[in-house]
Structure formats: structure tokens, C-alpha cells
Amino acid sequence: MSLFKARDWWSTALGEKEEFDQGCLCVADVDNSGSGQDKIIVGSYIGYLRIFNPHPVKPGDGMQAEDLLLEVQLRDSILQVEVGKFVSGTELLHLAVLHCRKLCVYAVSGTLGNVEHGNQYQIKLMYEHNLQRTACNMTYGPFGGVKGRDLICIQSMDGMLMLFEQESYAFGRFLPSFLLPGPLTYSSRTDSFITVSSCQQVESYKYQVLAFATDADERKETEQQKLSSGKRLVMDWVLNIGEQALDICVVSFNQTSSVFVLGERNFFCLKDNGQIRFMKKLDCSPSCFLPYCSVSEGTINTLVGNHNNMLHVYQDVTLKWATQLPHIPVAVKVGNLQDLKGVIVTLSDSGHLQCSYLGTDPSLFQAPKVESREINYEELDREMKELQKIIKESTKTQDILPKSEKDYDDLRITAEVSPDLDVDSSFHENSSVQQAIDSEVRAEAVPSVTVKITLQSRLAVQKTKLSICVQPPLALTHDQFIFDDLESCGSKAVALSVFLKGNCPPAELEGDAVASYSTPTDLNPEGIPRVAQCKFRLPLRLICFPAQPSKTANHKLTIDTNKPPVSLVNLFPDFADQSDEDQVNVLGFQFLTGSRITLLASKTSQRYRIQSEQLEDLWLITKELAFRLEEHFKKQNSKDFTCTFSGSVPLQEYFELIDRHFELRLNAEKFEELLSERAIQFRAIERRLLTRFKDKTPAPLQHLDTLLEGTYRQIIALADAAEENQTNMFQAFTKLKSATQLVIMLISLWQKLSTDQVAILEATFLPLMQDTQELGWEESVDAAISHLLRTCLSKSSKEQALTLTSQLSIPKDTSRLKKHITLLCDRLAKGGRLCLSTDTNIQQTMVMPGGCTPIQESDLEERTGVQDSTTMFTNHKHLTKQKSKTAATFSLGAFSTPAQRLSQIRRQKKWTKEDMFCGLMRSSEADRAQLNAWRLTESMRS
């Protein structure tokens, strides 16, 4: 509802039980008084014709007797009233009244009165036309460019345009493909008629085309009549607006004309050639509209009335004013009444006629005075702090919807993983569970493990659907189960197998089982939807088996503990041989994909070392070691067991995996572009071949068939290369996730992060479960890290003021991402802590834990770059002893604007050994894909 109501200047109610529509209202100086004051002409469907000249004593007065100049009842219903130069030999204005089967033109004249009753007005019939067809609406104008007179065009209900040159009938033409009549108007600038057909199209017909088209006095559909004399009626232009039109109007302003069309949900502004100038979507269903020229503002404004008793004023697509009306308007006009310019005249379908203007009514309500009292600011501060504390605690401990104990008891889901691999079928009883199928692993035998899912319902539930999910490249024999309605205290059990399908180790050995169901109630028999879920952990032997330890490795990690070392035979009884004494301190693992990992336990110190040829292969063994150590000391009731990491975080090797994954993403874009080019070329050759084959006179193919076959082979080769690149990119993303999990774990052990801080790191580095070309891992992680650097890890309010872009797109390279990861580790090493609370986003001027002060930007520029190919981040105790050994710097977003940061990068563009090393290191899969793409491109060019 609008804040303001329309200011009532004059209003009246017309008759009783009369009906009106948009063509029943007209505002013009119909009596040719020459004073510039308009009169209001209203016709009704009952046949009453009324002419008003409002003269209120004060704004808001009702109608006086002298305001009604003329009221006469005609014999037929009035469809539309218009005022124009309709009589030949004179340029005076006359009134045209359209009936269903008749068109009448009247002259309105007034006689000065000699008594107190005032002037007398009367109408005189000048001429009339009896119509052979039922009329719908009409329009008028100087058709054909005539001067000093207006011609009339009437649209019939069966789609015929009847044109009248004042007292004489000119011709009639049928509109093509007509079904139902629509609004009709005339554009004097283009000399054309514009209407909206039942096909929801705006159509324009030139007057000259109508004049020379086939005569439509008698509509005949025979083929002989269609080929007779005359021209076929064709449209000048057409535009599909996709909805029915309520009204149409043409406005000329500044030597240009615009066509306004009011639809059921939008109103459109078109150029005189049919092109859309602008379009506005309406919030409410419209009832009428009126475009008019605003001379003072130099623009075209539009009045739009709707079925919510509202009148909106638009300037182009901008809503300038909204006002409340006492009725739903079906017609709206603007006129000059009693020296008042721009009066808005509205008419409702029941006959409520109102003249109003825009303005504001002051509110008569006055708020009572509040009892004045002194404000105790200290008490208000204490109350505010208590409320903030309550709000903060509630946001931490409560969920969006409070959960009761009853919600967990409706349906309980449990998962039981077989302790042995699928060799003996006694675990899953008599159920038929398939083992590994369609596996891509190049091993002699791919093991599988059986998982038994049990659903137990306390109440009767219905529409139960069970979904099981594991992370690829792990796969399931069945991933969905649908059950009938479960009765109260009933249970269902299913068994399935999990196996390794892809040719790379997974990033997680966990699975999720989710059951969606509905609990019926008395008020809702369909049931309230609910969800129950549980997680299950898969055994390590599903993806690897015991192997001989390796003495040499490229990547090594050392985990420190605060407890005496545990024998590896006790920690990994499923991998160690109890009789082999050498396996007490050393153990070997080999993945099904071929990678080998070695685990060593120190005999004297409390350390464990994990080593492998690939960085990503260390993750699962490291995680399994930490998990089994925690479980071992839990059984011994040791609650103070902790793991720490004091070595170097392998950021350099981690960056190599990022570059490898990013390069495969770029290759995917190149393959997509090449496929698009070859597909366009293939379709062009096909069109030319079809043209040659359809030609009646055979012509030589000019080797088009050879070119088509060659293009087809190139498309197939490109598709195979793109598919291979997609497989390599999936494996690279899986390896990247494993390495990311390892880096998160090492950072948490290094800085002794809490569970909440580790969760923030995981959400930052692992925002995507799947990697796509539209939204990739690099841009998502870069945006998340940038947010942390500008909030909880920021050093000044200047960094917090920097805003991030709202649109994520694939970057040009990974240098920015690597710089941000380096900066994140550096600030964590200096004592920064991760937190999502807004009250910590202030400049940290206090001394951080570990005796470190906030990082200064100058120091940061000297130490952020990787000093050499082996530089890594260590504990903050070691950082204080390290010094910068290179002049290479990374731009770390220390400047207030992106332009300043960019200029800093350009001024200090220096490359280190690490940069050259990152540029030269490429994965074998990426090299093959890039080489294939290069060869295909060169062969296509040749």
C-alpha cells in the first residue's frame, strides 16, 4: 500500500448499475470554447452520454448541478468516445461515438443563458455510418498524411479494418491470421496502424499497404480469389511480446515516436520500427495506462493503474511515485480543468469518476509525549553487553530449528562395516551382494567390503528412501533403496559392497548413509518430512595391502607425540606379521594403484615417520596412524595424548599439485574451444553438401566429402583427447584433495588449532566436492582465503575495508592463490588465530601467543616469497631465527586499492628459483594432454 493517497479534487458517481471500460472516457475541449479548458466526456454501455466541466468551490467537493453540461441517452451501447476533426470543411473538434453497429459524429455546442440556470448545451448529429460488421474499437488520425482533418478506422470483431474518410466509407481490409481483436492505435510518424494480435504479437501495417491490398468487402477463401487483382496484405514489422495486451498507445516527443504496449505482466516501450526501447516488469496486475509527455522534465512519463487500487508514475522504467486510489481504474486521462494543468481523471468499471492530483496528506495522528527521565548510560551499557552475550551464546549452541529427543527416535539408522574383506559371505548372511565390478584399477584382484545398513523405526513412518554415498573413486554396488511404509518398532536391513573403481587412491575412507522419511500426524496425513543420517568408516585394507618397506623416498613427514612409541604390530595388526620382529618398528603399505608408503617408529624417541614418493599418498596413512594412536591410548585411559608437528609444511610440493590441476583445467578449456570450432566447420560443410545434393543439376563436390571426413576424424580425436584430459583432471583433483587434507592436518598439529579452527580451515580449502569448469577449486579457495586475510587474520582496518569481487571466474594463473596460501601460513605462524566472530575483526596490537607481534608489511614483503626451492614454513620458534635470503617479493594485498596492488606487482616483478621451478614442473598426464592438443592443432592448420 502506498504511503500517500491521491488528492481528491472533484469526484462523482455516474448512474446506477452502469458499466464502463477503457474506451468510455475522453478528455478534450469538445465544445471548441477556445479557453484551453478540457471537458470530460463519458459514455456507458447502457447508452448514456455525459459531458462534465468540473468547478469545485474547494478541492474535494462533490459534483454540483452546473458541473454536468450534458446528459443524453442514446439508443445503443457506447463502446468508445473520441474527439477530433471529423467533419469536412472545418477544423473544429467534433465528438465521435462508436456503437456496436453504428458510428455517429456529433457537434457539441453551448448557448449562453439569460437566467440563473446557466448555459445550455446540446449535441447535433453531423453524420453516421451504419456498420455491416460488429465493431470492437476504433482509432483516428491524419491517415495518408492529410492536413487539417482526421480519418477514422474501426476494427470489427472478425478482424476487418473499416476506414472512413469523414462522411464517406473508404475501404475495408481483413487482417491476416486473425482470431480475436486486440487494441488498435495509429502512428502519424510512420503512417501505420499498430495492433496486438491473438498470437501475442505486436503488428504494424502501413496505410499505403492497406489502401492497395485486396478488397475485403466480401471475404472469400477460394484460391482463385486469392490470386485475383490487388496486393497481399503484409505487415511492416512484427514483435512477439509473449503475453496478451490490454492497451496500446503512440507518443511523439522530440521528433521521435514511441509505441507503448501494456501487457498482462509488463509494459513495453518500442521504437517506431518495432525494436524494444525498454521493458518494465510490473509487480501487480495492471488495469489501464497512459503515456504522456512531461514538458517540464523533458521526458515521457507513464501512468499505470492496477487492481490493487494503486496508480504508479513511471519515468522510463523508474518508479517515480505511487499513490492510492479509492477504486480500481479502468481508464485514465490527463487534462487541464479550471486553470489547473495535469489533472488526473480516472474512471472505474462501476462509474466512479474522479479528478485528482498528486500530493501528500499530513498524518493527523500525533504520538503521545513520552515521560522524560534521565538516561543512565552505564546501566544501558551493562544491559547491552548482557544481551550481546546471550545472543552470542545462543548462536553458538542452537541450531536454526531446535531439535528434541523425539526427532532422533522416530527413525534410527546404523551402519556396520564388515571387519573382513568380501571373501567369506557369512557376514551378510544369505543376501546376494556383488563384489567389485567395472573397476579401472590395474590390479590382479580388487577387494570389496560389505556394509550393512539397518533402519529401526520407533513410530510408523512412510515414504522412506535410503541413499548411501562414498567419495569417488570409491564406488557402490547399490546406492539407493526405497522402502514401503515402516510400521512401528519395525526394522529393515540392506547390504551392499564398496570397492575402488578409479585408478587413484580416494581422499577419504568415509561414507554417509541418509534416510529421508515422513511421519504422519493428525493435522497432516501426508506426513512431515524428516531426515536421519549416519557415517561409517571404511577399512584401510580396501585400498592397500602389506608390502616391503622402502628405504628411499622423496617426501618424508615426522609426527611427534607425548607418549612412548607403540609397536606397529599392535597398531596395524591387519597389516603386520606377528612373527616378523622387523615389523615392530617399520611397516610397508602399497596402494592398489601401485604407490608404496613406509611407516617407521623410532625406538628411542616418541616419533613416527611416514615417507613416500608422492606427497598425496602420505595423507591416508598419516590420518590412519593418528586415528589408531588415539584409539590405542583411549583404551589405556590416557586422556592427555597429543600429536604435534614441528617440521616443515611442504608448501612447495603442494603448489606443484595445484599447478598440475590448474593446467589440466586450462587444457579442458582449449579442448572445448577446438571442439566448438570443428563442430561449426562440420556443420558448414554439411550445409554445402546438402545444397549440392539438392541441386537439380549435379555439380562436382570439389573434395567436400573428403573435407567432411577429415573434420569428422578431427572431432573424434579431439573428443577422445578431451575425455582423457577429463579423466586426468579428476585424478588430479582427487590427489589435490588428499594433499590439501594433509596440509590442513599438518597446520593444525603445527599450530595446535582447536576443532573449530580446523573446521574453518577445511571449509576454506575444501569448498567443493566436485570440480567443474564453471566453478573451480582455485577461484573458490582464493576467495575464501582472501576473506580470512581481510577478517580474522587482518592487521589493520585498511585491509578490512577491501571488498572482494562477487563473481568468481577462472584465474589466469595460480600465483595469486599461492601467495595467499603463503600469507595465511605466515600469519598463523606469527600467532594469528582463525575465528568467524565479528568481534575479533579489529586491529591486533597486543602481543600474540609465542612472543610474536603482528606482522609488519615491510617484513612481510621480505619474507613471504619462497626463499629457494626447499623453503617451507616451520614453527614460529624457528621463524625467528630465519632471515630473508632473496629479493623476490610477493604482493600480499597490503595496499588500499587493487590499482595500488597491481602497480606494486609491476614495480617489483622479480622471479626466484621457486618460480622457475614451478614453471618447469609438469605432470606426465598434463604433458600428454597438452602434446596431443598441440599435434591436433598443427594437423588441422596444415
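Everything numeric in this text was worked out from a predicted model, so none of it was measured. (Residues numbered from 1 in each chain as written. Predicted model: local features only at pLDDT ≥ 70, side-chain atom pairs only at ≥ 80, totals over all residues. Heavy atoms only, no water.)

(A) Local environment of a negative patch on the surface. Together, Glu672, Glu673, Glu677 and Glu774 make up a region of like negative charge exposed at the surface. In this fold, glutamate 677 is placed in helix H7 (residues 651–694). Overall, glutamate 677 belongs to the partly exposed group, its relative accessible area being 44%. (Patch = residues over 30% accessible without salt bridge, like charges linked within 9 Å, V, L, I, M, F, W, Y side chains within 5 Å. Areas by Shrake-Rupley, 256 points an atom, 1.4 Å probe, with all protein chains shown as cover. Salt bridge = Lys/Arg side-chain N within 4 Å of Asp/Glu carboxyl O. Lys, Arg positive; Asp, Glu negative; His and termini not counted. Charge placed at Lys NZ, Arg CZ, Asp CG, Glu CD. Helix = DSSP H or I, 4+ residues; strand = E, 2+ residues; numbered from the N terminus. Buried < 20%, exposed > 50% of the residue type's maximum accessible area, 1.4 Å probe, protein only.)

(B) Highlighting the sheet that holds strand E15 (residues 168–174). As summarised here, the arrangement of the four strands in space is E12-E13-E14-E15, forming an open sheet in which the pairing is antiparallel. The open sheet has two edge strands, strand E12 (135–141) and E15, and neither has a second partner. The mean angle between the axes of side-by-side strands here comes to 20°, regardless of whether they run parallel or antiparallel. With four bridges connecting them, strand E13 (residues 151–156) and strand E14 (residues 160–165) associate as antiparallel partners. Each residue of the ladder has a partner; that of cysteine 153, found in E14, is leucine 163. (Pairing = 2+ DSSP bridges. Axes fitted to C-alpha atoms, helices over the stretch in contact; angles between N-to-C directions.)

(C) How the structure looks around the pairing of strand E24 (residues 286–294). Counting buried positions over the nine residues of E24 gives seven, a clear majority of the element. The pairing of E24 with strand E25 (residues 299–306) spans eight bridges and is antiparallel. Looking at E25, one finds that serine 294 is bridged to threonine 299.

(D) Spotlight on the environment of glutamate 778. Relative to the helices and strands, glutamate 778 resides in helix H10 (residues 777–790). Taking the relative accessible area as the measure of exposure, glutamate 778 reaches 1% and is therefore buried. For the pair glutamate 778 and proline 811, spaced 33 residues apart in sequence, the C-alpha to C-alpha distance is 7.8 Å. Other than its neighbours up to four places away in sequence, glutamate 778 contacts Ile658, His661, Phe662, Arg665, Pro811, Thr814 and Leu817. In this structure the side chain of glutamate 778 is engaged in a polar contact, spanning 2.6 Å, whose partner is the side chain of histidine 661. (Contact = heavy atoms within 4.5 Å. Polar contact = N/O pair within 3.5 Å; in protein donor to acceptor, adjacent residues only side chain to side chain.)

(E) Layout of the pattern of salt bridges. Scanning the model with the defined rule gives 21 salt bridges in all. Here arginine 50 makes a salt bridge to glutamate 18, at a shortest N to O gap of 2.7 Å. Taken together, the residues span a long stretch of sequence, with arginine 50 in strand E5 (residues 48–52) and glutamate 18 in the loop between strand E2 (7–13) and strand E3 (25–28) at a distance of 32 residues. For the residue pair arginine 50 and glutamate 18, the accessibility class agrees, reading buried in each case. Taking the shortest distance from any N to any O, the salt bridge between aspartate 574 and arginine 628 comes out at 3.1 Å. Here arginine 628 lies in helix H6 (residues 618–635) and aspartate 574 lies in the loop between helix H5 (568–571) and strand E41 (586–591), a separation of 54 residues in the sequence. Judged by its relative accessible area of 29%, aspartate 574 falls in the partly exposed class. Classification of arginine 628 by relative accessible area gives buried; the value is 14%. Residues joined in a network through salt bridges with shared partners are Arg537, Asp574, Glu624 and Arg628.

(F) Expanded view of the packing of aromatic side chains. As enumerated under the stated definition, the model contains 18 aromatic pairs in all. Summarising the aromatic geometry, the rings of phenylalanine 171 and tyrosine 207 are spaced 6.1 Å apart at their centres and angled 45° between planes, so their arrangement reads as tilted. Within this pair, whereas phenylalanine 171 is found in strand E15, its partner tyrosine 207 is found in helix H1 (residues 207–212), the two being separated by 36 residues in sequence. Residue phenylalanine 171 is classed as buried on the basis of its relative accessible area, which comes to 12%. Summarising the aromatic geometry, the rings of phenylalanine 575 and phenylalanine 589 are spaced 5.0 Å apart at their centres and angled 65° between planes, so their arrangement reads as edge-to-face. (Phe/Tyr/Trp six-rings, centres within 6.5 Å; stacked < 30°, edge-to-face > 60°.)

(G) Spatial organisation of the nonpolar core. If you look at the biggest cluster of nonpolar residues, it comprises 99 residues, and the most contacted ones within it are Leu466, Val498, Leu538, Phe589 and Tyr654. Looking at this core element by element, the count peaks at eleven residues for helix H8 (residues 704–751). Sequence-distant contacts of leucine 466, defined by excluding residues within four places in its chain, comprise Ile413, Ile453, Leu455, Asp479, Gln480, Phe481, Phe483, Val494, Ala513, Val514 and Ala515. (Core = buried A, V, L, I, M, F, W, Y, C linked by side-chain atoms within 4.5 Å.)

(H) Molecular detail of the confidence of the model for the chain. Chain-level statistics for the chain give a pLDDT mean of 79 and a share of 78% at 70 or above. Considering only residues more than four positions removed or in separate chains, one finds that residues 398–408, a stretch of pLDDT under 50, has six contacts. pLDDT under 50 marks residues 838–929. Its contacts with residues more than four places away, or in other chains, come to 136 contacts. (pLDDT = per-residue confidence, 0-100.)

(I) Examining the side chain of histidine 94 more closely. You can see histidine 94 is positioned in strand E9 (residues 94–98). Within polar-contact distance, the side chain of histidine 94 engages the backbone oxygen of leucine 92 at 3.1 Å. Among all residues touching histidine 94, those that are not within four sequence positions of it are Glu82, Val83, Gly84, Phe86, Val87, Val105, Tyr106, Ala107 and Met126.

(J) Quick peek at the layout of surface pockets. Reported here for the second largest pocket is a volume of approximately 1500 Å³. Lining the second largest pocket are 47 residues, with Glu508, Trp619, Lys623, Gln741 and Glu762 sitting closest to its centre. The set of elements that each furnish at least two residues to the lining of the second largest pocket consists of strand E33 (462–470), strand E37 (510–519), strand E38 (528–537), H6, strand E44 (643–644), H8 and helix H9 (755–765). Take the lining of the second largest pocket: its biggest share by element is eleven residues, from H8. Classifying every residue of the lining of the second largest pocket by side-chain character gives 22 nonpolar, twelve polar and 13 charged. (1 Å grid on protein atoms, 1.4 Å probe; cavity = no way out; pocket = protein on both sides within 12 Å on 5 of 7 lines; lining within 4 Å. Points joined across faces, edges and corners; volume = space filled by probe spheres on them. Nonpolar A, V, L, I, M, F, W, Y, C, P; charged D, E, K, R; others polar.)

(K) View of H9. Every buried residue of H9 is listed here: Gln757, Val758, Ile760, Leu761, Thr764 and Phe765. All buried residues of H9 fall inside an arc of 155° around its axis, so they share one side. Residues of H9 that are exposed and angled more than 90 degrees away from the buried face: Thr755, Asp756 and Ala763. (Arc of directions from axis to C-beta.)

(L) Here's a closer look at the sheet that holds strand E19 (residues 237–240). Ordered in space as E16-E17-E18-E19, the four strands form an open sheet in which the pairing is antiparallel. With partners counted over all chains shown, the strands left at the sheet margins are strand E16 (184–187) and E19, one partner each. Ignoring strand direction, the axes of neighbouring strands in this sheet form an average angle of 20°. One ladder, built from five bridges, connects strand E17 (residues 192–196) with strand E18 (residues 201–206); its direction is antiparallel. In the sheet register, threonine 195 faces E18, and the bridge partner there is glutamate 203.

(M) A look at unusual backbone geometry. In this structure, proline 473 follows proline 472 across a cis peptide bond, with omega equal to 15°. Secondary-structure assignment places proline 473 in the loop between E33 and strand E34 (474–476). Look at lysine 463: it is not a glycine, yet its phi comes out positive at around 55°. Relative to the helices and strands, lysine 463 resides in strand E33.

(N) Highlighting the packing of H7 against H8. Packing of H7 against H8 leaves a shortest axis separation of 8 Å and a crossing angle of 160°. If you check the angle between H7 and H8, you find them roughly antiparallel. For the pair H7 and H8, the crossing hand works out as left-handed. Looking at the contact of H7 with H8 residue by residue, the class counts come to 27 nonpolar, eight polar and eight charged. (Parallel < 35°, antiparallel > 145°, perpendicular 65-115°, else oblique. Left-handed = near helix turned anticlockwise from the far one by under 90°.)

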